Structure formats: C-alpha cells, structure tokens
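Coordinate inspection notes
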Amino acid sequence: MRLLRPLVATVFATSIVALSACGGSSSSTPAYTVPADAGLVVKAVPTIRWDSTEYTATAGDIKVFLANDDSVKHIMVIREGDTVVGDLKLSIAKKGDFAEGTINLKPGSYLVYCIIPGHSNMKSTLTVS
Ligand SMILES: [Cu+2]
C-alpha cells in the first residue's frame, strides 16, 4: 500500500495540470459581446440548432443579436408561418461570427428560422408580446 501513494499523487497532479491547461485556454471564449440593449439573442450551437427552442421578445423595434457557436454557416430570418417577416436577414459564416439587426414585430407567434438548405431543424418559436 505504501507504494501506491506516490503513484496516486502523480496521477492527481497530472490531472490538475491537464484541467488548468484546458480552463486557461481563452480560445473557447466567444469573441463577441452580447449588446446590453439586445431584445432577442439567438446563438447557433452544435450541431445545426439554435440555443433554445423558444424565444420571447417585446413588441416594437427589436434589436436582434445572432452569434455563431457552431462550426458551419447559418442565415437567420424571422417567419410568421411560411412567410418571412420584415427584411431581417442575419448571416454568420463561421464560429465566432456575429451579426445584428433590427426588426419591428407586432405581438404574435413567429419562428426563428435558418434558410440554409438542410437546416430545417433550426426552427424555434418566438413569442412576441
Ligand atoms: Cu443554419
């Protein structure tokens, strides 16, 4: 049993180093800052989905912030049923990209939608009230 002790200590010390190396890496920290006045914040996350299935916003001019935490391109629009609402079209080509825009919405139920073919999974509810 006496021999086991230094071995365990070594393994433990090694994992600490591995952990701190991982935690100290700033490359995983997003390069963007979400604006404080954003009325709708949407993030694309792995793999090919939005970070939520349901969003909410306050009716009127809504400042939309879109960020890409995924590794492929996404283009977001707001739909009401099958119809695109307004002229908001935010494109984020790669991981770390972000885009901003404003859309005026009346109270109702909308979709946060990605128009890239094959991304039909990216269709979340947006409730505006
Ligand atoms: Cu997409």
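This text goes with the structure placed above it.
Values in this document were obtained by computation on a predicted structure and should not be read as measured data.

Each helix and strand in the protein chain was counted, giving one helix and 10 strands. Tracing the protein chain from N to C terminus, the helices and strands come up as α-β-β-β-β-β-β-β-β-β-β. When burial is assessed residue by residue, the protein chain has 32% of its 129 residues classed as buried. For the protein chain, the accessible area works out to roughly 8,100 Å², and carbon and sulfur atoms hold 58% of it.

Glancing now at the pairing of strand β3 (residues 54-57). The side-chain alternation of β3 yields one buried face, formed by Tyr-55 and Ala-57, and one unburied face, formed by Glu-54 and Thr-56. For β3 and strand β10 (residues 123-128), the ladder comprises four bridges, and the chain directions are parallel. Its bridge partner lying in β10, Ala-57 is registered against Val-128.

Here we take up the coordination of the copper ion. Looking at the copper ion, one finds its protein donor set to be His-74 (ND1), Cys-114 (SG), His-119 (ND1) and Met-122 (SD), positioned 2.0 to 2.4 Å from the metal centre. Considering all four donor atoms around the copper ion, the spread of angles at the metal, 88 to 134°, places the coordination shape in the tetrahedral class. Considered as a linear motif, the donors of the copper ion on their single chain read H-x39-C-x4-H-x2-M. Taken together, the residues span a long stretch of sequence, with His-74 in strand β5 (residues 74-80) and Met-122 in the loop between β9 (108-114) and β10 at a distance of 48 residues. Relative accessible area serves as the criterion here: at 0%, His-74 is assigned to the buried category. Residue class for Met-122 comes out buried when judged on its relative accessible area of 0%.

What the rule picks out here adds up to three aromatic pairs. Relative to Phe-98, the ring of Tyr-32 has its centre 6.2 Å away and its plane inclined at 55°; by these criteria the two rings are tilted. With Tyr-32 in the loop between α1 (4-23) and β1 (40-45) and Phe-98 in strand β8 (residues 98-105), the pair connects residues that are 66 residues apart, well separated along the chain. In textbook terms, an aromatic cluster arises when at least three aromatic residues are bridged by ring pairs, as seen for Tyr-32, Phe-65 and Phe-98. Directly above the ring of Tyr-113 sits Arg-79, whose terminal nitrogen or CZ lies 3.8 Å from the centroid.

Right, let's get into the pattern of salt bridges. If you walk through the whole model with that rule in mind, you get four salt bridges. Among the ionic pairs, Arg-79 bridges to Asp-82, the shortest N-O distance being 3.5 Å. Note that Lys-94 is salt-bridged to Asp-97, the shortest N-O span being 3.2 Å.

Glancing now at the side chain of His-119. Structurally, His-119 can be placed in the loop between β9 and β10. Apart from the residues lying within four places of it in its own chain, the contact partners of His-119 are Ile-48, Val-72, Lys-73, His-74 and Cys-114.

The rules we used
Along each chain, residue indices are assigned from 1 in the same order as the chain's sequence is written. With the structure being a predicted model, the display of local features is reserved for residues of pLDDT at least 70 and the display and counting of side-chain atom pairs for 80 or more, all residues being used for whole-chain, interface and lining totals. To obtain the side-chain values, all non-hydrogen atoms of the structure were included, while hydrogens and water were left out. Going along the chain from the N terminus, every DSSP run of H or I of four or more residues is numbered as a helix, and every run of E of two or more is numbered as a strand. Exposed residues in this analysis have more than 50% of their type's maximum accessible area, buried residues have under 20%, and partly exposed residues fall in between, with area computed by a 1.4 Å probe over protein chains only. Where accessible areas are quoted, they stem from the Shrake-Rupley method and a 1.4 Å probe; at the residue level, only the protein chains shown are allowed to cover. Whether two strands pair depends on DSSP finding at least two bridges between them. In this analysis a donor is any N, O or S atom within 2.8 Å of a metal ion (3.2 Å for sodium, potassium and calcium), and since water is not included, sites may seem incomplete. The geometry test gives tetrahedral to four donors whose angles all lie between 85 and 135 degrees, gives square planar to four donors and octahedral to six donors whose opposite members are over 155 degrees apart with all other angles between 65 and 115, and gives irregular to the rest. Any Phe, Tyr or Trp ring, taking Trp's six-membered ring, that has another such ring centre within 6.5 Å forms a pair; planes under 30 degrees apart are called stacked, those over 60 apart edge-to-face, and the others tilted. In our convention, an over-ring charge means Lys NZ or Arg CZ found within 6 Å of a ring centre and within 35 degrees of that ring's normal. Every case where a carboxyl oxygen of Asp or Glu lies within 4 Å of a side-chain nitrogen of Lys or Arg is listed as a salt bridge. Whether two residues are in contact is decided by their heavy atoms: any pair within 4.5 Å suffices.

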